[in-house]
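Reading the structure
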Amino acid sequence: MEGKVGLCIVYKNYNYGSILQSYATLLRLEELGIEYEIIRYNPVKNVRFYLKALPRLLNKDMAYSKMRSLKKKIGLKMHPTFAENEKLRRKKFQEFITEQFTSFSKEIKSYQVLCEYAKDYDAVLVGSDQLWLPAGLATKFYNLMFVPSEVKKIAYAASFGISKIPFYQKKRTKEYLSRIEYISVREHSGQHIIEELTGRNVPVIVDPTLAISKKVWDMHVADEKLVNEEYIFCYFLGGDNLYCRKEAEKLREKTGLKIVTLRHMDEYVEADEKFGDYALYQVGPKEFVNLIRNATYICTDSFHGSVFSIIYHKQFLAFERYKASSGNSRNSRLDSLFQQLGIERRYKQDVYEEMILPINYDLVEKNLSVLRCEAEVYLNHALGIAENKND
């Protein structure tokens, strides 16, 4: 592709998985020699904006997200020490973002200007992660509704984040899916949603972070030890599943290893104040990768915590963050991941026995090799690289 690609990716979120999958997308495009720019769409938040956003609060997922955000804001106000530590963490995130995310469009503050601006791209690509959550439908951004029909639209390992679309959004979801010429999804549940709504059979490909090999990650994230002893790394995002913390403490008793943890990521969790032997805050995306790279064992309820554990061939347990019956459940991400790799890493009964059970990483790498090839073929085809080579 000779023209410029506009990117709809997450680049401001202080979440390790979100930033690292966006970074991985950039690395992949740079490897392919694609000229790109990240679309900076920051609509003016006036009274009209908030009035239009009111219906989103009726969405269960949005309400859940707002509730967690509110918990964190209250935690920051009630606990000055946490507020200071959170500033340290955000500073590390910002350092990484400033260093690695450098190619941007001009700042766009209205939807009308966004629609006009998109006409100058040869293609617009929406990245991975949960950018198609039902709560974001009305923004018309990550679903590429702003992109004119004559500009190619590409979804790279997109994720709905849920297994079912609310009935009242099916029509509009079908509308935007039907406009996107090239779609790949990250989970089988997303594949089923698209087939149900449009009749299209789209490919399931791996998350951008997994599409890149350990060798490439090592090239871009230098090895640095943040803890000078063996440790159990605990990375929990869920605040309600406190049993994960208790099981990790059992593992500490069995192994004699200290627990290194990252507290209060998505929300303030009171119980975390007493959890872990080392609670680190000066941890940006690179430091996050290194905490996994150098850990002896890993306990997590995070998708990307699991992904990087797999990349670095770690002994890890992936706990379920949501009850299967929960309307906010996003367990399908891990279900698809483990199914694709041919492994099963869910906690069942004995945390120590399950943790030390060897993972067949030979099989994992064999499967990953195929999956990475499929992701490469998809992206090359969507970007028109294969066609250009044959000209």
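As a reminder, the structure under discussion sits directly above these lines.
These remarks concern the structure in this document. (Residues numbered from 1 in each chain as written. Predicted model: local features only at pLDDT ≥ 70, side-chain atom pairs only at ≥ 80, totals over all residues. Heavy atoms only, no water.)

1. Section: the overall build of the protein chain
As a reminder of what qualifies: Secondary structure elements are taken from DSSP: a helix is a run of H or I of four residues or more, a strand is a run of E of two residues or more, and numbering for both begins at the N terminus. Only protein chains enter the area calculation, which uses a 1.4 Å probe; residues under 20% of their type maximum are buried, those over 50% are exposed, and those in between are partly exposed. By the convention used here, residues are in contact when the closest approach between their heavy atoms is within 4.5 Å. Here, Shrake-Rupley sampling with a 1.4 Å probe gives the accessible areas, and only protein chains in the shown set may cover a residue.
If you tally the helices and strands in the protein chain, you get 16 helices and 11 strands. The 391 residues of the protein chain split such that 55% are buried. Of the contacts made within the protein chain by residues no fewer than 6 positions apart, 75% connect residues no fewer than 24 positions apart. Accessible surface for the protein chain amounts to roughly 18100 Å². Of this, 51% is attributable to carbon and sulfur atoms.

2. A look at the sheet that holds strand 6 (residues 182–185)
Put simply, the rule reads: Strand pairing is defined by DSSP finding a minimum of two bridges between the two strands. Helix axes are fitted only over the stretch in contact, all axes being lines through C-alpha atoms; the angle between N-to-C directions runs from 0 to 180 degrees.
If you trace the six strands from one edge of the open sheet to the other, you get 3-2-1-4-5-6, paired in parallel fashion. Across the chains shown, the open sheet's two edge strands, defined by having one partner strand only, are strand 3 (104–108) and strand 6. Going across the sheet, the axis of each strand differs from the next one's by a mean of 20 degrees, ignoring polarity. Here strand 1 (residues 5–8) pairs with strand 2 (residues 36–41) via three bridges, running parallel. Within the sheet, the bridge partner assigned to G6 lies in strand 2 and is E37. The sheet strands contacting helix 15 (residues 361–383) are strand 1, strand 4 (123–126), strand 5 (152–158) and strand 6, and the helix crosses strand 5 at an angle near 165 degrees.

3. So, the sheet that holds strand 11 (residues 315–318)
Spatially, 9-8-7-10-11 is the arrangement adopted by the five strands of the open sheet, whose pairing is parallel. With partners counted over all chains shown, the strands left at the sheet margins are strand 9 (278–279) and strand 11, one partner each. Note: strand 8 (residues 258–261) against strand 9, two bridges, orientation parallel. Pairing of T261 across the sheet is with A279, part of strand 9.

4. Here's the deal with the packing of aromatic side chains
Note the following rule: Stacked, tilted and edge-to-face pairs are distinguished by plane angle, under 30 degrees for stacked and over 60 for edge-to-face with tilted covering the rest, among Phe, Tyr and Trp rings (Trp via its six-membered ring) whose centres lie within 6.5 Å.
Applying the stated criterion to the full structure yields 25 aromatic pairs. Ring geometry for F141 against F146: centres 5.4 Å apart, planes inclined by 15 degrees, an arrangement best described as stacked. For F141, a relative accessible area of 7% corresponds to the buried category. For F146, a relative accessible area of 2% corresponds to the buried category.

5. Quick look at unusual backbone geometry
Residues other than glycine seldom take positive phi values, yet L144 does so here, at roughly 65 degrees. Here L144 shows up in the loop between strand 4 and strand 5. A positive phi is found at H313, a non-glycine position, where the angle reads about 55 degrees. The class of H313 is partly exposed, set by a relative accessible area of 37%.

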